[in-house]
Amino acid sequence: MPKLRIVTHNSGEFETEVDSFDPVEMNEQLNSMEVNTVVIGDLILSKIDVKVISPIKEI
């Protein structure tokens, strides 16, 4: 399962695991006028608070 690092505008930083990660789909959700919150792994975040989503590379 991919791990993601999420940074928010209010200086929060989270790590979560997801079943799969499609950056194009996530971008569409974050830019949709009909969406207020997004679910990323076990997190529910306000879409306007999400600053960065990046995969964590496992060594």
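Along every chain, residues carry numbers that run from 1 in the direction the sequence is written. With the structure being a predicted model, the display of local features is reserved for residues of pLDDT at least 70 and the display and counting of side-chain atom pairs for 80 or more, all residues being used for whole-chain, interface and lining totals. For side-chain calculations, the full set of non-hydrogen atoms in the structure is used, while hydrogens and water are omitted.

S.K.: I'd like to hear about the pattern of salt bridges, residue by residue, with values.
M.R.: The term salt bridge refers to a pairing of a side-chain nitrogen on Lys or Arg with a carboxyl oxygen on Asp or Glu at a separation within 4 Å. The full count for this structure, using the stated rule, is one salt bridge. Here R5 ties to E13 by a salt bridge, and the two come within 3.0 Å at their closest N and O atoms. For each residue, the accessible area found with a 1.4 Å probe, counting protein chains only, is set against the maximum for its type, and the residue is called buried under 20%, exposed over 50%, and partly exposed in between. Here R5 falls in the partly exposed class, since its relative accessible area comes to 29%. The exposure class assigned to E13 is exposed, which follows from its relative accessible area of 52%.

S.K.: Break down the side chain of K47 for me, with residues and values.
M.R.: Considering the arrangement of structural elements, one finds K47 in the loop between strand 4 (43-46) and strand 5 (50-55). Summary of buried charges: K47 has no salt-bridge partner, and the nearest side chain of opposite charge, E34, is 9.7 Å away. Within the local environment of K47, its side chain forms a polar contact with the backbone oxygen of S32, the two atoms lying 2.3 Å apart. Put simply, DSSP marks the helices as runs of H or I at least four residues long and the strands as runs of E at least two long, and each gets a number from the N terminus on. A positive count includes Lys and Arg, and a negative count includes Asp and Glu. His and the chain ends are not counted in either. Here a polar contact is taken to be a pair of N or O atoms separated by no more than 3.5 Å, where protein atoms must pair a possible hydrogen donor with a possible acceptor and residues adjacent in sequence count only if both atoms sit in side chains.

S.K.: How would you sum up the side chain of D49? Please name residues and give values.
M.R.: Structurally, the position occupied by D49 is in the loop between strand 4 and strand 5. Throughout, a contact is declared for two residues whenever any of their heavy atoms are within 4.5 Å. Filtering out sequence-adjacent residues up to four positions away, D49 remains in contact with V7, T8, H9 and N10.

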